[in-house]
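# Residue-level structure breakdown
The lines below spell out each chain.
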Protein chains: 2
Amino acid sequence: MSTPSQEDYLEAIWVLTDQKGYARVTDLAERLAISPASASKMVRRLHEAGLLTYERYRGFAFTPEGKRQGRLLYARHQILERFLTHLAIGTAEDVHRVVEGIEHHFDVLRLNQIEHLVHYIDAHPEWWNQFLKDGGPEE
Amino acid sequence: MSTPSQEDYLEAIWVLTDQKGYARVTDLAERLAISPASASKMVRRLHEAGLLTYERYRGFAFTPEGKRQGRLLYARHQILERFLTHLAIGTAEDVHRVVEGIEHHFDVLRLNQIEHLVHYIDAHPEWWNQFLKDGGPEE
Ligand SMILES: [Mn+2]
Ligand SMILES: [Mn+2]
């Protein structure tokens, strides 16, 4: 990832805090492959924006609003990744890289249709297989 | 569009030159909503890269390699736009804006699968309708 955006931070913080409820700046820096100083600066900014609270001795945690945003951003990433995986546009690594680039352009609240498609494909593999079988280049 | 990238230029030049084979810097500036000076600078750069030739009295035209790239980039935009239109992620304007953002992240040579899906949907609307009818949120 090049310079992570605020959305990337919120998504990473969602992953880090999902289990235990809080995270440390060093965990965040490691996950985003950035310096602790950069991570710390963004944590301060997200705190000022009302999205994070400082947790004495434990680092930081989401406010309810931060949690809401983090969850939506994480869900967006997952939906797009599952979708492009179904489309088989490349290796898992290719898919991840593409999603990192495109996700910011999708409104989190406008993903319903793609999400429904992903669920529909999962629930009706025979339907999707029809395309995979018949939809080749010679069609 | 914010600052157009080289890919946006090549795509726009494809559209401008497709009919008559050449275009003027002023047409390009108008289409990309940028200053003639910026358009002129990029035309010079693309000329140096071997993608454009200067056409006396008529502006500039693609070299074969420029034409090849322009065609692929234009096709990529069209495929993604048709695809997101099928997915009904928003108005035509929303779709266009999203495509302008995401297209640069898709390898032009890796779009086969999405292209096949778009063609398959067009050729088998009843297949796609199955998802549109059954794939709603309550599923
Ligand atoms: Mn992501
Ligand atoms: Mn475009």
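Rules used in this analysis
Residues numbered from 1 in each chain as written. Chains lettered and ligands numbered in written order. Predicted model: local features only at pLDDT ≥ 70, side-chain atom pairs only at ≥ 80, totals over all residues. Heavy atoms only, no water. UniProt positions renumbered as here; feature names shortened; annotations may be inferred. Donors = N, O, S within 2.8 Å, 3.2 Å for Na, K, Ca; no water. Tetrahedral: all angles 85-135°; square planar, octahedral: opposite > 155°, others 65-115°. Helix = DSSP H or I, 4+ residues; strand = E, 2+ residues; numbered from the N terminus. Buried < 20%, exposed > 50% of the residue type's maximum accessible area, 1.4 Å probe, protein only. Contact = heavy atoms within 4.5 Å. Buried area = accessible area lost by both parts, 1.4 Å probe. Salt bridge = Lys/Arg side-chain N within 4 Å of Asp/Glu carboxyl O.

- Taking an unreviewed UniProt entry as the reference, chain A is identified by name as Manganese transport regulator belonging to Sulfobacillus harzensis.
- What UniProt states about chain A under its Subunit (unreviewed entry) heading is, verbatim, "Homodimer."
- Reading the Sequence similarities (unreviewed entry) entry of the UniProt record for chain A gives the comment "Belongs to the DtxR/MntR family."

### Considerations on the coordination of the manganese ion (ligand 1)
All names here are of chain A.
- Distances from the manganese ion (ligand 1) to its protein donors, E11 (OE), E11 (OE), H77 (ND1), E100 (OE), E103 (OE) and E103 (OE), fall within 2.2 to 2.7 Å.
- Seen from the manganese ion (ligand 1), its six donor atoms lie at angles of 49 to 156°, and the figure they make is irregular.
- Taken in chain order, the donor set of the manganese ion (ligand 1) reads E-x65-H-x22-E-x2-E. Of this pair, H77 sits in helix α4 (residues 64-87) while E100 sits in helix α5 (residues 92-102); the two residues are 23 residues apart in sequence, bridging distant segments of the chain.
- According to the relative accessible area criterion, H77 is buried, its value standing at 2%.
- The buried category is assigned to E100, whose relative accessible area is 15%.

### With respect to the interface of chain B and chain A
- On the side of chain A, 30 residues touch chain B, which itself brings 30 residues to the contact.
- Roughly 2,700 Å² is buried in total at the junction of chain B and chain A, and carbon and sulfur atoms are behind 67% of that figure.
- The largest share of the area that chain B buries against chain A comes from Q113(B), Y120(B) and W127(B), three residues that together contribute 21% of it.
- The partner of D94(A) in a salt bridge is R110(B), and the shortest N-O contact between them spans 3.0 Å.

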